[in-house]
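Structure assessment
Next come the chains, spelled out residue by residue.
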Amino acid sequence: MSQNYTYQTSVGFKIHITTFGNSNLENGNCLIFVHGFKGFKDWGFGPYLAEYFAQKKYFIITFNFSHNGIGENFTEFTELEKFAQNTYTREVNELNQIISAYKNGFFGKVNWKNKLGIVGHSRGGAISIIESSKNINVNALAVWASISNFDRFTVKQKEEWKSRGFLEILNMRTKQKMKLNITLNEDFEKNSELLNIENALEKFHKPFLIIHGDQDLAVPVKEANLLYEFSDKKYTQLEIIHGTGHTFDVKHPFEGSTKAFDTVIEKTLQFFNSSFSEN
């Protein structure tokens, strides 16, 4: 069973949320899934992973960032103007608000003993690292195919960006040309210290799981190794899944799970079960 909510951010934007396992809310631990760039809560494995963890007695929160390009149609990019205006710090702030909403009873009564874990995919992994490093409510963190830095554009791209005021990227799945306004790069330059993943992980001394496919063409596996280098080894577990890529062979629209993705969610379940039982 799932339930939909609409949450209004502190600056008045709308976030669509779907929760799973609501019967687990009061007495179960919580996991929040954070989607990545050009991702959304209902992409491919989103509902599947949520139902999987809900069946394991977790309360699951999935949501769309307010400016991820997805509006009232949960599976199509219909808000490209908002997508163009998105920033990294906006996403960090919105994840903070989702955590606060959970803790403050937005979804219903929560037991103070319940633990909270974050699962972030791709850029969502990096957003999760930044927020988790400074949020005392996060007890454990897992990232899948996560980027290791936000500075991902070439000098030539940045020159074009500053000249035109925007960059255009092609969504290979939908064939849409999606703009990124220069405000995204300005946000990074202005907040480079806050958005420094290495510094964030130096401050994070809680259970941390890194999972990455060794055939990832979007985010090379070397970035997983960098995250491991940055992290506190006492708390960190690195899992490289061989023969799989950025989405662990899962497609959108969802055609079913894969051997690689089954491995990912099983290892993630073991990680959170173990982490929460020790805390």
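Before reading further, recall that the structure is shown in the block above.
Please read all numbers here as calculations on a predicted model, not as lab measurements. (Residues numbered from 1 in each chain as written. Predicted model: local features only at pLDDT ≥ 70, side-chain atom pairs only at ≥ 80, totals over all residues. Heavy atoms only, no water.)

Description of the overall build of the chain
Where we set the bar: Put simply, DSSP marks the helices as runs of H or I at least four residues long and the strands as runs of E at least two long, and each gets a number from the N terminus on. The globule rule is 2.2 Å times the number of residues to the power 0.38, and the radius of gyration it is compared with is taken over C-alpha atoms. Partly exposed describes any residue whose relative accessible area lies between the buried limit of under 20% and the exposed limit of over 50%, with all areas from a 1.4 Å probe on protein chains only and scaled to the type maximum. Should any heavy atoms of two residues lie within 4.5 Å, those residues are counted as being in contact. What sets the accessible areas is the Shrake-Rupley method with a 1.4 Å probe; for residues, cover comes only from the shown protein chains. Counting rule applied: Lys, Arg positive; Asp, Glu negative; His and chain ends not counted. Charge placement uses NZ in Lys and CZ in Arg. For Asp and Glu, CG and CD serve respectively.
For the chain, the count of helices and strands is nine helices and ten strands. Rg of the C-alpha trace for the chain: 18 Å, near the compact-globule value of 19 Å for 279 residues, within the 12% margin. With respect to the principal axes defined by its C-alpha atoms, the chain has extents near 55 × 40 × 40 Å. Buried residues in the chain amount to 53% of all 279 residues. Long-range contacts, defined as pairs at least 24 residues apart, comprise 72% of the intrachain contacts of the chain with a sequence gap of at least 6. Put simply, the chain shows about 12700 Å² of open surface, and 48% of that area lies on carbon and sulfur atoms. Taken as two groups, the 31 positive and 31 negative side-chain charges of the chain have centres that lie 3 Å from each other.

So, the pairing of strand S3 (residues 30-34)
We count it as follows: Between any two strands, pairing holds if DSSP finds at least two bridges.
Within S3, five of the five residues are buried, which leaves the element mostly enclosed by the surrounding structure. Side-chain alternation along S3 places Cys 30, Ile 32 and Val 34 on one buried face and Leu 31 and Phe 33 on a second face that is also buried. Bridge count for S3 against strand S4 (residues 59-63) is four bridges, and the pairing is parallel. By the bridge assignment for S4, Cys 30 is matched with Phe 59. Bridge analysis of S3 against strand S5 (residues 116-121) gives five bridges, and the strand direction is parallel. What sits directly across from Cys 30, in S5, is Leu 116.

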